[in-house]
Amino acid sequence: MKGNASTSRAMNRRLILNLLRNRGPVSRAELALITGLSPAAVTFVVTELIEDRLLVEREAVTSSNGRRPIPVDINYEAHLALGFKLNRSSIDCVLTDLATIPLATMETAVVDTSPEGMIEAIKDAIPRLLAEAGREERDIMGIGVSIPGEVDPTKGVCLQSPRFGWYDLPFAELLAERVRVPVWIDDDVNAFAIAQKLFGAGRNHRNFAALAIGAGIGCSLVLNGEIYHGSNGAAGKLGHITTIPQGDLCECGRRGCLMAHAAEPYMIAEWGRKRGKPATRTDFVAAAEADEETAVAILQEAGSRIGRHLADLVNLFDPEIIVVGGEAVQFGEALLGPLKRSMNEFLFFSRPELQTDWVPSSWARGAAALATQSIFDFERSPSG
């Protein structure tokens, strides 16, 4: 490979790690055959990765010719990642292995949403997560934090988060100074997409979209295997497409945004308005599950609006699949059925499959993936 020895070594490490991530345990001889690297190069890289506790030898399996080659595999259990998803009144927290499998989870309430308040809450959560999992701090390889807003992941700067009133905030650097661990940050929907790219429904696709519907609406794009951030970190902001000119006020300060007319807060508030009294999410979920007419009509309206604009994104970028997540996935076909029908009505040519992939810890696992991604992408250094 071209480049200096250090670059070639890093590229070979990434090549082998990603191959094992996608295929599972493989012998050294097979690695050489599949990658085209020389047996000596494979042996050197594998030995180095074993010393770094990133690879481990698995039990030998008898092959068709009677030999018992020893397969190597990623040592997912040896290293830990922490993920934190920042919300208005809480932080979703998770401790995972390198495959973003949760080892400990918790939700911590926050009253102070200033940068200092959030950083202090994260710092306090770390020893509690480690204690729950029975693990040591020395095994932590990094922290990922997902933030609702526009983020420059390379510089580790939150460009803006209207939800928190943050602007040009070097959050990764500030947190890293407090916890003395490498920190990566990104937009929360991008973090969800990265987790899907590494270990979820998108792992076998080079081009896909990750749609999240919850407190907001976003749709991250993975193009040629990489998250597309755009020139200012603002790509994929589906929720800020204007759907009703001069409509309801959005948290961004503009009127008529899609998320102001289709995200969960809108659906819950609209249901309460039509009933003439304030509503809670719990009440709205119960009404939807009981097929209450007004709740179902609101879900249909929201799904149709999202699907109409999602069709434009498909017509522009032609993804192979669309992975759907976010808390609103809980509403199932009551929301996703109208969404799919509306999307299909306005599609030009491609008709990508919608795949739901969501569990309660998905937001925080996405944040943890910001850290674990660094193992598989040698160019991605911590932003703090």
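What counts and what doesn't
Residues numbered from 1 in each chain as written. Predicted model: local features only at pLDDT ≥ 70, side-chain atom pairs only at ≥ 80, totals over all residues. Heavy atoms only, no water. Salt bridge = Lys/Arg side-chain N within 4 Å of Asp/Glu carboxyl O. Helix = DSSP H or I, 4+ residues; strand = E, 2+ residues; numbered from the N terminus. Buried < 20%, exposed > 50% of the residue type's maximum accessible area, 1.4 Å probe, protein only. Core = buried A, V, L, I, M, F, W, Y, C linked by side-chain atoms within 4.5 Å. Contact = heavy atoms within 4.5 Å. Pairing = 2+ DSSP bridges. Axes fitted to C-alpha atoms, helices over the stretch in contact; angles between N-to-C directions. Domains from an automatic or database assignment. Buried area = accessible area lost by both parts, 1.4 Å probe. Polar contact = N/O pair within 3.5 Å; in protein donor to acceptor, adjacent residues only side chain to side chain.

Observations concerning the pattern of salt bridges
Under the criterion given, the structure shown has 20 salt bridges. A salt bridge links Asp 188 to Lys 85, with the shortest nitrogen-to-oxygen separation between them at 3.4 Å. Note that Asp 188 is positioned in helix α6 (residues 188-199) and Lys 85 in strand β4 (residues 80-86), a separation of 103 residues in sequence. An identical accessibility class is assigned to Asp 188 and Lys 85; each is buried. With its nearest N and O atoms 3.1 Å apart, the salt bridge here joins Arg 308 to Asp 312. Linking Arg 308 with Asp 312, this pair stays in helix α9 (residues 293-317), spanning 4 residues, or about one helical turn. With relative accessibility at 29%, the residue Arg 308 sits in the partly exposed group. Judged by its relative accessible area of 31%, Asp 312 is partly exposed. Look at the salt bridges and you will find they share partners, linking Arg 9, Arg 13, Glu 48 and Asp 52 into a network.

Notes on the nonpolar core
Of all hydrophobic cores here, the largest spans 90 residues; its most connected members are Leu 31, Leu 211, Ile 217, Phe 284 and Ile 322. Here the element with the most residues in this core is α9; it accounts for 9 residues. Setting aside residues up to four positions removed in sequence, Leu 31 forms contacts with Ile 16, Leu 19, Leu 20, Val 26, Gly 36, Val 42, Val 46 and Val 72.

Considerations on the sheet that holds strand β7 (residues 140-147)
The sheet built from 5 strands is open, its strands ordered β6-β5-β4-β7-β11 with mixed pairing. The open sheet has two edge strands, β6 (102-109) and β11 (183-187), and neither has a second partner. Across this sheet, the average inter-strand angle for adjacent strands is 15 degrees, counted without regard to direction. Sheet topology note: the β4/β7 ladder contains 6 bridges and is parallel.

What about the domain arrangement of the chain?
One can read the domain layout of the chain as domain 1 (8-74), domain 2 (80-193 + 363-376) and domain 3 (203-356). Relative placement of domain 2 and domain 3: their C-alpha centres are 25 Å apart. Tallying the contact residues gives 15 residues for domain 2 and 24 residues for domain 3. When domain 2 packs against domain 3, close to 1400 Å² is buried across both sides, 55% of that on carbon and sulfur atoms. Where domain 2 packs against domain 3, one counts 4 salt bridges. Among the ionic pairs, Arg 163 bridges to Glu 251, the shortest N-O distance being 3.2 Å. Counting the contacts that link domain 2 with domain 3 gives 9 residue pairs in polar contact (both at pLDDT 80 or more). Secondary structure elements with two or more residues in the side of domain 2 that touches domain 3: β8 (150-152), β11 and α6. The biggest single contributor to the side of domain 2 that touches domain 3 is α6, with 4 residues.

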